[in-house]
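Below, each chain spelled out in residue letters.
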Amino acid sequence: MDTLQFLADGFGIAFQWQNILFAFVGVVIGTAVGVLPGIGPMSGVALLIPVTATITSGMPASAAASSSIILLAGVYYGAMYGGSTTSILLNTPGESSSVVTTLDGYQMAKQGRAGAALSISAIGSFCAGIISLIGLVLLAEPLSNVAIKFGPAEYFSLMLLGLAAVSGLAGKSMTKALMMTVFGLMLGTIGIDAVSGIARFTYDQPILFSGLEFLTIAVGLFALGEVIKTILERDQDAGAIAKIHRILPTKQDMKDSAVPIVRGSLLGFFIGVLPGAGATLASFFSYTTEKKFSKNPETFGKGNIAGVAGPESANNAASGGAMIPLLTLGIPGSGTTAILMGALIMYNIQPGPLLFDEHPEVAWGLIASMFLGNLMLLVLNMPLVRVFAKIIQTPKKYLLPMIIAISFFGVYAVQYTTFDLYLLIGCGILGYLFSKNDFPVAPLVLALILGPMIENNLRRALTISNGEFSIFFTKPLSLVFIIAAAAWLLVPLLLKLRGRTVIINEEG
Amino acid sequence: MNKIFDRFAGVGFLLVGILFLVESQKISNSAYGSSVGPKIFPMWLGIILIALSIRLLYETFKYKTEDSEKEQLQYKKFFIIFGSAVLYAFFLEKIGYVVSTFVFLLVTFQTVERGKMVYSVLVAAVFSFGVYYLFAEILGGSLPGFPLF
């Protein structure tokens, strides 16, 4: 009964007029971000943090936090809707999570069924969004009740698991992914040590005392890195956009895709809950599952609607599922949720088990607003899909410099230092070089955010045990987490040794 | 995979690792009872990074560079935009947000693609004034708006 009461309160917050507006703006921008190839959900969310921070600056702290997180989360799941549009119409995925949608979606468009493909992916995303939200509502309370009993040792191991999961699945080379993780943790140690108050690696530069701002680094690595890539690499002109004839799917289409949608939603949700495995992986898994279950698997790749419905539902469900570890445990499982977590911390709100007790209005307001946002997205995406398809034609000429200008503005408006602007430019170049050479940047950002917390818990645990590292192995839960973390790193390695190809998760 | 970059990165990260290991020794020990002071964590990170970098360098000797087609990278455009971004950062506080943003946008619009001067001026002006007005006037944020002289 409690949960329902909290949920009702959450709706009370979500239905405040400014929050409806925030959710609306979030999902619209999210859809646009999804449609535009080049800007992924991560850079979209990172770019918008400073903007929302300034818009909400006049509100009381926790109201400001819930409003901004409503908007930012809207960008995240909105992008999952938008990503399919270009996959289907242009054969170029707007996000990495809709890569598989191109296989059957573009074929459908060629057969003149673009409208059906688009609307089924919107419907699928909507169902998936609702299913994953119900899961979130049901799991949030019990999970945070478990998590609240965690001590520092359990937390340390759990965060280790989160980092291991993201590194194990990110990019082609695990060595590189681990290097980026460790590098991120290192960057996190710069500044004044929270426990002892001793300055580390600051070299008496006052600007470094508070540490490197995660926002600057995230915007630089993702948004600016992406811009630099587009400037340097002349990409071919986009092909002709397929025409949309009728938007509503036929009865047969609905019948064919009902089961894949449900299957994709459930699969995506559970993959999303797992740390490290995000929307991209979910969509791949869903596609192969649909192919396996299908009566005529040879039609896949030739315009089978199940090949659109399944993956599109799965990636949206995964983005909902990814909220669970973030909100209940305070452990982001992917790059985008890491950035959302950074945004919450900026408002002095610590995600984790206490979030539901201390700031129920933020947690439940967000959950309720996601119901609302998904409904808005369904309404937006069905009739307005033609309008969004037009966004693809935004000339690069104006888009690229404007992204740079927005990131400059955003970073300066939050930090007020020129130092951060130089850091931003530097991170942009590093971001380009890293991702060009298969050094995944998502683990770096995740490690940067988790770094101080990991260290804190490590030291607290070791203080409790008088410096004995065995504390991490004698506490049963902690041991389970450590074993899981090791498995996450070793299993892909073993599979590779046996010559199996391992699906990796590249979240853009 | 780019062998040359990987080697440079391997050496670079190796140096970072060594730097962390060495510098962490200079951090003073914790003042009170705790057995784990502020230097343990960075020290171990340094050691792990050194190990990983050596592993990466070792890997670069094992694999063959994949033959990728020579891409035509547009260095000229990139360096103009990069240079103007640095100048933009440098002048932002000195000549104010509106002017610096306007100039930066105009230059970069024209660098990405030449022509349509009128549109470029218009878009740059609307963006720089619009952001300033919205942020500083309506939202009450503080931005160095205009030159102080």
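Preceding this section is the structure that the text describes.
On a predicted model such as this, the values are computed, not experimentally measured, just so you know.

Asks: Could you clarify how one ought to interpret a nonpolar patch on the surface in this entry?
Replies: All names here are of chain B. Taken together, the side chains of Ile-80, Val-99, Val-103, Val-107, Phe-129 and Phe-146 present a nonpolar region at the surface, about 480 Å² in accessible area. Counting residues per element, the nonpolar patch draws most heavily on helix α4 (residues 97-112), at three residues. Among the secondary structure elements, Val-103 is positioned in helix α4. You can call Val-103 partly exposed: its relative accessible area is 42%.

Asks: Teacher, can you tell me more about the interface of chain B and chain A here?
Replies: Frequently, the measure chosen for interface size is the accessible area removed from exposure when the parts meet. Between chain B and chain A, the contact holds 69 residues from the first and 61 residues from the second. Contact between chain B and chain A buries roughly 5600 Å² in total, counting both sides, with carbon and sulfur atoms accounting for 76%. Interface area lost by chain B to chain A is led by Phe-13, Phe-41 and Gln-74 of chain B, which between them contribute 12%. In this structure, Asp-6 of chain B engages Lys-176 of chain A in a salt bridge whose closest nitrogen and oxygen atoms are separated by 2.9 Å. Looking at the side of chain B that touches chain A, the elements with two or more residues in it are α1 (3-24), α2 (40-62), α3 (75-95), α4 and α5 (117-138) of chain B. The element best represented in the side of chain B that touches chain A is α3 of chain B, accounting for twelve residues. In the side of chain B that touches chain A, the residues fall into 41 nonpolar, 18 polar and ten charged.

Asks: Where do I start with the pattern of salt bridges in this structure?
Replies: Two side chains carrying opposite charge are able to pair once their charged atoms lie near each other. Counted by the stated rule, this structure contains nine salt bridges over all chains. With its nearest N and O atoms 2.8 Å apart, the salt bridge here joins Glu-290 of chain A to Arg-263 of chain A. Linking Glu-290 of chain A in helix α11 (residues 279-293) with Arg-263 of chain A in helix α10 (residues 251-273), this pair joins segments that are 27 residues apart in sequence. The exposure class assigned to Arg-263 of chain A is partly exposed, which follows from its relative accessible area of 27%. One salt bridge connects Arg-55 of chain B with Glu-59 of chain B, and the closest N-O pair in it is separated by 2.9 Å. A residue pair is termed a helical-turn pair when its members lie 3 or 4 positions apart in one helix, as Arg-55 of chain B and Glu-59 of chain B do in helix α2 at four residues. Residue class for Arg-55 of chain B comes out partly exposed when judged on its relative accessible area of 40%. Salt bridges here are not isolated pairs; linked through shared partners, they connect Asp-193, Arg-200, Glu-455 and Arg-459 of chain A.

Asks: Mind showing me how you'd approach the environment of Asn-2 of chain B here?
Replies: Residue and element names in this part refer to chain B. If you trace the backbone, Asn-2 turns up in the segment before α1. On the basis of relative accessibility, which here comes to 34%, the residue Asn-2 falls in the partly exposed class. In sequence terms Asn-2 and Ile-47 are 45 residues apart; their C-alpha atoms lie 25 Å from each other.

Conventions adopted
Residues numbered from 1 in each chain as written. Chains lettered and ligands numbered in written order. Predicted model: local features only at pLDDT ≥ 70, side-chain atom pairs only at ≥ 80, totals over all residues. Heavy atoms only, no water. Patch = residues over 30% accessible without salt bridge, like charges linked within 9 Å, V, L, I, M, F, W, Y side chains within 5 Å. Areas by Shrake-Rupley, 256 points an atom, 1.4 Å probe, with all protein chains shown as cover. Salt bridge = Lys/Arg side-chain N within 4 Å of Asp/Glu carboxyl O. Helix = DSSP H or I, 4+ residues; strand = E, 2+ residues; numbered from the N terminus. Buried < 20%, exposed > 50% of the residue type's maximum accessible area, 1.4 Å probe, protein only. Contact = heavy atoms within 4.5 Å. Buried area = accessible area lost by both parts, 1.4 Å probe. Nonpolar A, V, L, I, M, F, W, Y, C, P; charged D, E, K, R; others polar.

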